[in-house]
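# Examination of the molecular architecture
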Amino acid sequence: MECLAPYIPPALLPFLERAQEQLQDQSHALGIVALSLSAILLGYLFIAGSRESPVSFTIPNPPEISPDWSGTKWEDLPEGSEERKVIEGQVRGKWNENLIMSYCPADGRVLGTGIKPATADDVDRAIQAATKAQEQWATTTFAERRRVLKTLLKYILDHQDEIVIAACLDSGKTKVDATFGETLVTAEKLKWTIDHGEKALSPESRPTNFLMMYKKNQVTYEPLGVVSACVSWNYPFHNFISPVISAMFAGNGIVVKPSEQTAWSSMYYLDIIRGALESCGHPRDLVQSVVCLPKVADKLTSHPEIAQITFIGSRPVAHKVCESAAKALTPVTVELGGKDPSVILDDSRTISEVTSIASVLMRGVFQSAGQNCIGVERVIALPGVYDKLIDTVSSRIKNLRLGSILLDTKLNNTNQKPGAPDVGAMISPASFSRLESLIQDAVSQGARLIAGGQRFEHPTHTLGHYFTPTLLADVTPFMEIAQTELFAPVFLMMRASSVPDAISIANSTEYALGASVFGYNGRDVAACVKNIKAGMVSVNDFGSYYAVQLPFGGVKGSGYGRFAGEEGLRGVSNIKAVCVDRFPRLMATRIPPRVDYPIYKGEGDKKNGKGAFEMCKGVVETGYQITLAGRVKGIFRLLGNM
């Protein structure tokens, strides 16, 4: 028994041990029966488990992932070459309709040889291929779909280094940020879907009523067909694969439009997903990717064969996507970022834990250089903790190092101190002038600039897009910087006079995605959770709701709809209501003669059809009167007009 214990479900161990004792005693036939049943059960579990066992597979890695790859910086490309002109345009925010070039925002090294943007015909072909593959995929069982997800999970866990490096190269982030934001949350989504996805999509019984007691009701969740996801660049792996996981498990095909900013890594991540599908015997065409510019994106978002769209991005682009989707009446789940508040209360325990709270806030603000839709954009602190929190974070922010973890063994911050970088690059320098202007404007209105506030010219990586980690205190709700999503490494402090004032400040923007509250006074914490307008709230933590697959999304200007969790899976399903006879041989719907068409039965109808109305009134009263007397009255009215 000891040698088998690691392979036996814990719940069965006591049962088997008792059976073994009874067999040894040779006095209980029950032991033989129990052991036989257990063997059958173990055999079933083994067979069922083997049907879902992950499959090992390999795909070729991009050469840029190799630690020996040095690469060519884009400024070293031949002067006047098409590739260099394209990148110079992209750095200024201008995209070439014929070529997309990828480069590392942290150091300027060129990634790949360029990608030709998809055309409208390419979009059509991708949708047609996914549609054909989905017809087969829709017939798969949940066990078969779980096997694909388990295969993906195994590959990700076995190849974290390669996946993380690709994300760092394409987005400029650090390995720590990529692990938290790319592989950890993706592994969580896969594991949650493997463990709970079937339950979320299994048919559900729904209650009936007095009049319809002979019926039984059910809601089923069926594949929609082919769905689409238009995703942002800030988490190139997770944002790409997350909608794929939900779409596939719900039985759909999917066409993903990744950001042109991270086109290079998206091709690699697509190969991983298709490798998992193919290794499990399913068509790789089920998952498609089209890298295209806005003009062609309209072809995708308005396509009549796309059944649902998930959009992650900015509000201006969302307006265009939703307008385009409306042409085909395609439903859209919209996530538009936020200006997430973090309220810091000042009860005695919170004050005593300010150092720990500061660490969580630092992660919330500077994760992925602040390019995080649920990043902490506003720290709203009560009087008892405000100054202490500033004192705690000031020196830490000033000492944050900027650089590329992939290229250097020794990196430098503004003080030229050696060490691994804490904060990576931003995706583009296009926002730097706006950021500097917003900060300067806030200072002119009374805000205190304690650290940072401007772009950072890296001494080694002169082509890198870096913004100095910033601490800006005494910001008020009336300043533009308090209303604008920054998506940057800016620790913005706002002072609140009381809990109601903190809630008012938290609700003072057009955004309402996520929020957090730190404190231990139960009444005050509950007031914040209840009254802060947001789609998600963490208590004494940052972004924890996403790490447990709760429904993700916001309200107000942060969008609508939810992905992740049960709601996410059901959001890419056809929610079908089914009502059937409970006892079809005994009882079914029959139309009484009084209300059967035609209502007027001719000259012999003494009530001239008026009895039909009285009968209908009786039906309503019988079914819905609150009191027994009222219901009895309804029954008599019904019977009197039959």
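Computed from a predicted structure; not experimentally measured.

Quick notes on the rules
Residues numbered from 1 in each chain as written. Predicted model: local features only at pLDDT ≥ 70, side-chain atom pairs only at ≥ 80, totals over all residues. Heavy atoms only, no water. Patch = residues over 30% accessible without salt bridge, like charges linked within 9 Å, V, L, I, M, F, W, Y side chains within 5 Å. Areas by Shrake-Rupley, 256 points an atom, 1.4 Å probe, with all protein chains shown as cover. Salt bridge = Lys/Arg side-chain N within 4 Å of Asp/Glu carboxyl O. Buried < 20%, exposed > 50% of the residue type's maximum accessible area, 1.4 Å probe, protein only. Helix = DSSP H or I, 4+ residues; strand = E, 2+ residues; numbered from the N terminus. Phe/Tyr/Trp six-rings, centres within 6.5 Å; stacked < 30°, edge-to-face > 60°. Lys NZ or Arg CZ within 6 Å of the ring centre and 35° of its normal. Axes fitted to C-alpha atoms, helices over the stretch in contact; angles between N-to-C directions. Parallel < 35°, antiparallel > 145°, perpendicular 65-115°, else oblique. Left-handed = near helix turned anticlockwise from the far one by under 90°. Contact = heavy atoms within 4.5 Å. Nonpolar A, V, L, I, M, F, W, Y, C, P; charged D, E, K, R; others polar. Pairing = 2+ DSSP bridges. 1 Å grid on protein atoms, 1.4 Å probe; cavity = no way out; pocket = protein on both sides within 12 Å on 5 of 7 lines; lining within 4 Å. Points joined across faces, edges and corners; volume = space filled by probe spheres on them. Polar contact = N/O pair within 3.5 Å; in protein donor to acceptor, adjacent residues only side chain to side chain. Right-handed = clockwise from strand over helix to strand, strands pointing away. Expected span 1.5 Å × (residues − 1). Arc of directions from axis to C-beta.

This part takes up a nonpolar patch on the surface. Together, V176, F180 and L184 make up a nonpolar patch on the protein surface, roughly 260 Å² of accessible area in all. Overall, the relative accessible area of 47% leaves V176 in the partly exposed class.

Tallying each qualifying case throughout the model produces 29 salt bridges. For E377, the salt bridge is made with K339, and the minimal N-O distance between the two is 3.0 Å. In this pair, E377 is assigned in the loop between α13 (354-366) and β11 (378-381) and K339 in the loop between β9 (332-335) and β10 (341-344), connecting sequence segments 38 residues apart. Close ionic contact of K617 with E614 constitutes a salt bridge, the shortest N to O distance being 3.7 Å. Remark: E614 and K617 occur in helix α19 (residues 610-624); sequence separation between them is three residues, near one turn of the helix. What emerges from the salt-bridge pattern is a single network uniting E52, R146, K150 and E198.

Tallying each qualifying case throughout the model produces eight aromatic pairs. Aromatic side chains F57 and Y155 sit 4.6 Å apart centroid to centroid with 15° between the ring planes, which places their arrangement in the stacked category. Taken together, the residues span a long stretch of sequence, with F57 in the loop between α2 (29-51) and α3 (82-91) and Y155 in helix α5 (residues 142-158) at a distance of 98 residues. Accessibility assignment for this pair places F57 and Y155 in one class, buried. Among the aromatic residues, those joined into a ring-pair cluster are F237, Y268 and Y269. R495 extends its terminal NZ or CZ atom over the ring of Y386, reaching a point 3.9 Å from the ring centre. Over the ring of F210 we find R631; its NZ or CZ atom is 4.6 Å from the centre of that ring.

At their nearest, the axes of α5 and helix α8 (residues 236-249) sit 10 Å apart, and the two run at 160° to each other. One finds that α5 runs roughly antiparallel with respect to α8. Judged by the sense of rotation from one axis to the other, the crossing of α5 with α8 is left-handed. Across from F142, R145, R146, V148, L149, L152 and I156 in α5, the residues of α8 making contact are F237, I241, I245, M248 and F249. Looking at the contact of α5 with α8 residue by residue, the classes come out as 10 nonpolar, no polar and two charged.

Strand order in the open sheet made by the three strands is β3-β4-β20, with antiparallel pairing throughout. Edge positions in the sheet fall to β3 (204-206) and β20 (573-581), since each has one partner strand and no second. Ignoring strand direction, the axes of neighbouring strands in this sheet form an average angle of 30°. Note that β3 and strand β4 (residues 215-223) share three bridges and pair antiparallel.

The subject of this paragraph is the layout of surface pockets. Of the voids in this model, the largest pocket is the one considered here, and its volume is about 1,400 Å³. Lining of the largest pocket is provided by 43 residues; of these, W233, F311, G313, S314 and V317 occupy positions nearest its centre. The element contributing the most residues to the lining of the largest pocket is helix α11 (residues 315-325), with six residues. Along the lines of polarity and charge, the residues of the lining of the largest pocket split into 19 nonpolar, 16 polar and eight charged. If you trace the second largest pocket, you find 40 residues lining it, with G181, V185, H238, I374 and Y546 closest to the centre. Listing elements by their share of the lining of the second largest pocket, those giving two or more residues are α7 (175-201), β5 (226-230), α8, β8 (309-312), β9, α13 and α18 (565-571). Here the lining of the second largest pocket gets six residues from one element, more than from any other, and that element is α8. Along the lines of polarity and charge, the residues of the lining of the second largest pocket split into 18 nonpolar, 17 polar and five charged.

Examined against the element boundaries, S232 turns out to sit in the loop between β5 and α8. A residue is classified by how much of its surface remains accessible, and S232, at 15% relative accessible area, is buried. Side chain to side chain, S232 and N234 meet in a polar contact 2.7 Å long. Here N239 takes part through its side chain, which lies 3.0 Å from a polar atom of the side chain of S232. Not counting chain neighbours up to four residues away, the residues in contact with S232 comprise N239, S259 and I312.

Before going further, it helps to examine the pairing of strand β17 (residues 514-518). When you tally the buried positions in β17, you get five out of five residues, the bulk of the element. Of the pairings in the sheet, the one linking β10 to β17 comprises three bridges and is parallel in character. Bridge assignment links V343 to a residue of β17, and that residue is V517. With four bridges joining them, β17 and strand β18 (residues 536-539) adopt parallel strand pairing. Along β18, the bridge assignment pairs V517 with V539. Considered for its hand, the β-α-β crossover made up of β17, helix α17 (residues 522-531) and β18 is right-handed.

Sheet faces and side chains relate simply in a regular strand, where the side chains alternate between the two faces. Residues R378 and I380 point to one face of β11 and V379 and A381 to the other, with burial holding for every one of them. Looking at chain direction, β10 and β11 are connected through four bridges and run parallel. Within β11, the residue paired with P341 across the bridge is R378. With three bridges connecting them, β11 and strand β16 (residues 490-495) associate as parallel partners. Bridge pairing in β16 places V379 opposite M493.

For the bond from Y597 to P598, the omega torsion is -10°, close enough to zero to count as cis. Following the sequence through the fold, P598 ends up in the loop between β20 and α19.

What follows is about the sheet that holds strand β6 (residues 253-257). Spatial strand order, β7-β6-β5-β8-β9-β19: six strands in an open sheet with mixed pairing. This sheet does not close on itself; its edge strands, each paired only once, are β7 (287-289) and β19 (559-560).

In this structure, S516 sits in strand β17. In this structure S516 comes out as buried when scored by relative accessible area, which is 3%. Beyond its immediate stretch of four places on either side in the chain, S516 contacts P341, S342, V343, V537, S538 and D541.

A few words now on helix α4 (residues 120-137). Under the 1.5 Å per step criterion, the end-to-end length of α4 is 25 Å for 18 residues, consistent within 8% with the ideal 26 Å. Turning to α4, its buried residues are V123, A126, I127, A130, A133, Q134 and W137. For α4, the arc enclosing every buried residue in end-on projection is 135°, short of the 170-degree limit, so these residues lie on one face. Opposite the packed face of α4, turned more than 90 degrees from it, sit the exposed residues K132 and E135.

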